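Structural overview for review
Below are the chains, spelled out letter by letter.
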Amino acid sequence: DVNKSHILQVGMVFDDGQSPVNELPYESFFIKEPSYAHAEPGALKMNAWIFEEISKKDPKYPVVSKEQAIHVIYNFINDFSQRASDWDKQNGVRVGKMQLAGKNVASFDFPIIKNFFQANLNDIIDHRFIDVGSVAFNMLGYNAGFNKINKELGLELITHDALDDAFAVVKAIRKMNGLPE
């Protein structure tokens, strides 16, 4: 439920389409709230490991509050917006804002992000999104799940770690477009 969902982890990668994937700038963190008022059984099962990480002394990624998280997201996007804008200008593209990519990012992730943070992100994020399923449609003939796409591409299956999955998006889109990994 977009209106009730909590965000437990954020994973972001800035892909310039040129640098090796393992050299791309990224950010990832867990979000800890005082309490969690809504949870769906499937999401709890898939993300149980995150609750374990948040409670550890030395978690895999930093743990931040909801208030801190929006600042980290804004800072990450702002840090790379100029590079994206410069690329747009060099390539005759008139976007001027950061474009998000993912699997179901427009219909699932972005609405939850906007609602969770109660933030209007339209000033920094473009209204057009790149969806791995849509990009893979020509290859498969239908809008497949992310694991099916990765299997067809010979890539690793998704882990549901937000940072791993963000890198998986980059790898899949690059492979489908003949760009180097």
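The structure we're discussing is the one just above.
Notes on the structure follow. (Residues numbered from 1 in each chain as written. Predicted model: local features only at pLDDT ≥ 70, side-chain atom pairs only at ≥ 80, totals over all residues. Heavy atoms only, no water.)

1. Things to note about the sheet that holds strand 1 (residues 9–13)
- The strand order across the open sheet formed by three strands is 1-2-3, and the pairing between neighbours is mixed. Edge strands, defined here as strands with exactly one partner in the open sheet, are strand 1 and strand 3 (63–64).
- One ladder, built from five bridges, connects strand 1 with strand 2 (residues 26–31); its direction is antiparallel. Bridge pairing links Gln9 to Phe30 in strand 2.
- Helix 2 (residues 66–90) contacts strand 1, strand 2 and strand 3 of the sheet and is inclined by roughly 170° relative to strand 2.
- Most of the contacts of helix 6 (residues 162–176) go to strand 1, to which it runs at about 30°, and overall it touches strand 1 and strand 2. (Pairing = 2+ DSSP bridges. Helix = DSSP H or I, 4+ residues; strand = E, 2+ residues; numbered from the N terminus. Contact = heavy atoms within 4.5 Å. Axes fitted to C-alpha atoms, helices over the stretch in contact; angles between N-to-C directions.)

2. Side note on the side chain of Asp165
- Mapped onto the elements, Asp165 comes out in helix 6.
- Although Asp165 is buried, it forms no salt bridge, and the closest oppositely charged side chain is Lys60 at an N-O distance of 9.6 Å.
- A polar side-chain atom of Asp165 sits 3.2 Å from the main-chain amide nitrogen of His160.
- Ignoring any residue separated from it by four or fewer positions in sequence, one finds Asp165 in contact with Phe146, Ile158, Thr159 and His160. (Buried < 20%, exposed > 50% of the residue type's maximum accessible area, 1.4 Å probe, protein only. Lys, Arg positive; Asp, Glu negative; His and termini not counted. Salt bridge = Lys/Arg side-chain N within 4 Å of Asp/Glu carboxyl O. Polar contact = N/O pair within 3.5 Å; in protein donor to acceptor, adjacent residues only side chain to side chain.)

3. Considerations on helix 2
- End to end, helix 2 covers 36 Å across 25 residues, agreeing with the expected 36 Å (1.5 Å per residue, within 8%).
- In helix 2, a bend of some 35° at Ser81 exceeds every other bend along the element.
- What helix 2 keeps buried is the set Ala69, Ile70, Ile73, Phe76, Ile77, Phe80, Ala84, Ser85 and Asp88.
- If you follow the buried residues of helix 2, they end up packed against strand 1, strand 2, strand 3 and helix 3 (105–117).
- One or two residues past the end of helix 2 sits Gly92, with phi positive at roughly 70°. (Expected span 1.5 Å × (residues − 1). Bend = angle between axes of the 7 residues up to and from the residue.)

4. Side note on the pattern of salt bridges
- Counted under the stated rule, the structure contains six salt bridges.
- With a closest N to O distance of 2.8 Å, Glu53 and Lys56 form a salt bridge.
- Residue classification places Lys56 among the partly exposed positions, given a relative accessible area of 43%.
- Ionic contacts of the salt-bridge type, sharing partners, join the residues Asp15, Asp16, Arg83 and Arg174 into one network.

5. A few points about the layout of surface pockets
- One number sums up the size of the second largest pocket: a volume of about 270 Å³.
- Along the walls of the second largest pocket sit 14 residues, with Glu156, Asp164, Phe167, Ala168 and Lys171 positioned nearest its centre.
- Here the lining of the second largest pocket gets five residues from one element, more than from any other, and that element is helix 6.
- Of the residues in the lining of the second largest pocket, the class split is six nonpolar, three polar and five charged. (1 Å grid on protein atoms, 1.4 Å probe; cavity = no way out; pocket = protein on both sides within 12 Å on 5 of 7 lines; lining within 4 Å. Points joined across faces, edges and corners; volume = space filled by probe spheres on them. Nonpolar A, V, L, I, M, F, W, Y, C, P; charged D, E, K, R; others polar.)

6. With respect to helix 3
- For helix 3, the set of buried residues is Val105, Phe110, Ile112, Phe116 and Phe117. Buried positions in helix 3, seen along its axis, are confined to an arc of 155° and lie on one side of it.
- The elements touched by buried residues of helix 3 are strand 2, helix 2, strand 4 (101–102) and strand 5 (130–131). (Arc of directions from axis to C-beta.)

7. Thoughts on the nonpolar core
- Ranked by size, the top nonpolar core spans 25 residues in total, and within it Phe29, Ile31 and Phe117 carry the most contacts.
- Element by element, the count of residues in this core is highest for helix 2, at seven residues.
- Each residue touching Phe117, except ones within four places of it in the same chain, is listed here: Ile7, Ile31, Lys66, Ala69, Ile70 and Ile73.
- If you look at the next biggest cluster of nonpolar residues, it comprises 13 residues, including Ala144, Ile149, Leu153 and Ile173. (Core = buried A, V, L, I, M, F, W, Y, C linked by side-chain atoms within 4.5 Å.)

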